[in-house]
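Results of the structural survey
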Amino acid sequence: MKALFKEEGASLRIELMEDPAVTGFIDEHAAILDSGFENVELSDRMRSRLKESDWIFSGMKTFHELNEAFPSLLDDNGQRKPFERFLNDVQSIDETYNRHYLRAEYNFAQGSAEMAGRWENFMEDGDEYYLQYRTAGDDLVRPEHAALDGVTLPPSDSFWDSYYPPNGWNCRCTVVQVLRSTNEPTDRAEALRRGKEALSKDKKGMFRFNPGKQQKTFPDYNPYTISKCRNCTRKLNLMKGIPENQLCNACGISGNWAAGNIAQALRTLHEKEGVEYIKAVREITEMKIFKPVDGSKEIFSALGKSHSDFDNILDAAEKMVEKGCRVFILPNPGGTRSGDCILQKKSFVGLYDVKTIVGRGSIGSRLVESAGQAHRVILNIKSQYDPKTMAKELRTYFERNENALEVKVLKGNKEIPVIRRDTMKKDFDRNFVRRYKK
């Protein structure tokens, strides 16, 4: 709410979603939803996709909460309220979104994950077994869901695209495998009739989705979106109650949420290796969130210019463009240790952390900071630095960091690339000093 309190103008700016305080809140909300399926058995890919879905949902929900709280900035006379009064006035909004709604959303995410895990297991057996819908079987079962109890059909039947649990908030229904030899399939027309009866209160068809097949904890059409989200050609989930043109114009700012949020992509990048890692890095560069920096055809950014590191990263990016690279400057998602930019040159693509050196004895500690953020580092030297000391610190960095791949040393317009194999040579120090002074 502190970030919102700083807002000016007659309407909420989409750009507020870039604020670190806002993205940090989205991270926290998504983490709560993620915790609901921490112990659920899932494939790595499914878990990653479900976490992505949680982040997308949390982002859309946060925008709605901020949009609803925005009018509370002003009093009845149109004057800005003191922060304490504003905070007090929006407490009820916070209570509604982050207590009452969150409880049901947590249960839904947990139920979706459990059913997604079951679906993965079902797919291993194909149509060898039937699937059978079952309620919790107690007095709390809602009558409309009881209509589905006992429906039995093969996994390949499209019935399960729309009537696979959870079929509503706090739904406790499940699906199990049953033997074909001892169970008769339900007449399909009858199954569909019972399905429509079960979801008769879901007039908008919001809960007619399969979390296992779609690999999502929440459907594209949910309380914070509109029906167009199901088939948005731009892959942007339009938020209910927000002008469509405003959201489409903000596509590059709010991110390619439906296709894969950049923060979530960076968060899961460290889990990948080899070809999968390179593929994931390339996919990040294709996200619509990147915009040309000052009309450049080679530098694109998803980081706000007001960020404290932006100018330093841009300086290094401009030097790398002179070396034939395209540069994608990355945002800094809260709770995620990630690099600052992606360099692309011909078929090569790599994630780099950028360190600007302005002192005379800080390279060693700055390289230590990079460990865990990226396996490649750009050292942009902006001060008089002893090359002998630098060579020693580079060697130590590679010796202590087994994942380190490369360090690019930038001195003026000169680029000195260093890889692990270089530092293992006996004459590395001498050769590095010669190259640095040349």
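Quick caveat: nothing in here was measured; it's all calculated off a predicted structure.

Section: the overall build of the protein chain
Looking only at helices and strands, the protein chain features 18 helices and eleven strands. Counting only residues that meet the buried cut, the protein chain has 51% of its 438 residues in that class. Long-range contacts, defined here as pairs at least 24 residues apart, represent 64% of the contacts in the protein chain between residues at least 6 apart. As presented, the protein chain carries roughly 21,800 Å² of accessible surface, and 47% of it is formed by carbon and sulfur atoms.

Re helix α14 (residues 310–322)
Over its 13 residues, α14 extends 19 Å from the first C-alpha to the last, a length consistent with the 18 Å expected when each residue adds 1.5 Å. Positive backbone phi, approximately 95°, marks Gly324, located one or two places after α14.

With respect to the sheet that holds strand β3 (residues 174–178)
Spatial ordering of the open sheet is given by β2-β1-β3, a layout of three strands whose pairing is antiparallel. Each of the sheet's edge strands pairs with one partner strand only, and the pair in question is β2 (152–153) and β3. Note: strand β1 (residues 130–134) against β3, five bridges, orientation antiparallel. The partner of Leu131 across the bridge, within β3, is Gln177. Most of the contacts of helix α5 (residues 91–125) go to β3, to which it runs at about 20°, and overall it touches β1 and β3.

Quick notes on the confidence of the model for the protein chain
Across the protein chain, pLDDT averages 82, with 81% of residues at or above 70. For residues 232–241, every residue scores under 50 in pLDDT, and the model assigns this stretch 42 contacts once sequence neighbours within four places are set aside. Across residues 245–260, where pLDDT falls below 50, the model places 47 contacts with residues more than four positions away in sequence or in other chains.

A look at the pattern of salt bridges
For the coordinates displayed, the defined rule picks out 18 salt bridges. Note that Glu144 is salt-bridged to Lys201, the shortest N-O span being 3.8 Å. Of this pair, Glu144 sits in helix α6 (residues 143–146) while Lys201 sits in the loop between α8 (188–198) and α9 (211–214), and the two are 57 residues apart along the sequence. Judged by its relative accessible area of 17%, Glu144 is buried. Salt-bridge contacts for Arg430 lead to Asp427; the nearest nitrogen and oxygen are separated by 3.9 Å. What you see here is one network of salt bridges that share partners, running through Asp353, Lys355, Arg366 and Glu369.

Brief notes about the sheet that holds strand β5 (residues 299–301)
Think of a sheet as strands paired side by side through backbone hydrogen bonds, with each pair either parallel or antiparallel. Spatially, β4-β5-β6-β7-β8-β9-β10-β11 is the arrangement adopted by the eight strands of the open sheet, whose pairing is mixed. At either end of the open sheet lies a strand with only one pairing partner, and these are β4 (291–292) and β11 (414–419). Alignment of strand β10 (residues 406–411) against β11, held across six bridges, turns out to be antiparallel. Within the sheet, the bridge partner assigned to Lys408 lies in β11 and is Pro417. Sitting on the sheet, helix α15 (residues 363–370) touches β8 (348–357), β9 (376–381) and β10, and the angle it makes with β8 is about 140°.

A closer look at the packing of aromatic side chains
This model, assessed by the stated rule, comprises 16 aromatic pairs. Arranged with centres 5.9 Å apart and planes meeting at 35°, the rings of Phe428 and Phe432 form a pair that is tilted. Highlighted residues: Phe428 and Phe432, both in helix α18 (residues 428–437), separated by four residues, approximately one helical turn. In textbook terms, an aromatic cluster arises when at least three aromatic residues are bridged by ring pairs, as seen for Phe57, Phe108, Trp169, Phe207, Phe209 and Phe218.

Topic: unusual backbone geometry
Across the junction of Pro165 and Pro166, the peptide omega takes the value 0°, indicating a cis bond. Here Pro166 shows up in the loop between α7 (159–162) and β3. One non-glycine residue, Asn170, lies in positive phi territory at about 60°. Mapped onto the elements, Asn170 comes out in the loop between α7 and β3. Phi angles above zero are rare outside glycine, and Lys346 is one such case at about 55°. Relative to the helices and strands, Lys346 resides in the loop between β7 (341–345) and β8.

Some details on the packing of helix α2 (residues 20–35) against α5
Running from N to C, α2 and α5 cross one another at 45°; their axes reach a closest spacing of 8 Å. One element, α2, and the other, α5, form an angle in the oblique class. As α2 runs across α5, the sense of the crossing is right-handed. Packed against α2, whose contacting residues are Phe25, His29, Ile32, Leu33 and Ser35, the element α5 presents Asn98, Leu102, Glu105, Tyr106 and Ala109 at the interface. Split by residue class, the contact of α2 with α5 holds six nonpolar, three polar and one charged.

Digging into the state of the cysteines
In this structure the tally under the stated criterion is zero disulfides. Not part of a disulfide, Cys173 finds its nearest cysteine sulfur in Cys171, a span of 3.7 Å. A relative accessible area of 9% means that Cys173 is categorised as buried. No disulfide involves Cys325; its sulfur sits 9.1 Å from that of Cys341, the nearest cysteine.

Each value, and the rule that gives it
- Residues numbered from 1 in each chain as written.
- Predicted model: local features only at pLDDT ≥ 70, side-chain atom pairs only at ≥ 80, totals over all residues.
- Heavy atoms only, no water.
- Helix = DSSP H or I, 4+ residues; strand = E, 2+ residues; numbered from the N terminus.
- Buried < 20%, exposed > 50% of the residue type's maximum accessible area, 1.4 Å probe, protein only.
- Contact = heavy atoms within 4.5 Å.
- Areas by Shrake-Rupley, 256 points an atom, 1.4 Å probe, with all protein chains shown as cover.
- Expected span 1.5 Å × (residues − 1).
- Pairing = 2+ DSSP bridges.
- Axes fitted to C-alpha atoms, helices over the stretch in contact; angles between N-to-C directions.
- pLDDT = per-residue confidence, 0-100.
- Salt bridge = Lys/Arg side-chain N within 4 Å of Asp/Glu carboxyl O.
- Phe/Tyr/Trp six-rings, centres within 6.5 Å; stacked < 30°, edge-to-face > 60°.
- Parallel < 35°, antiparallel > 145°, perpendicular 65-115°, else oblique.
- Left-handed = near helix turned anticlockwise from the far one by under 90°.
- Nonpolar A, V, L, I, M, F, W, Y, C, P; charged D, E, K, R; others polar.
- Disulfide = S-S within 2.5 Å.

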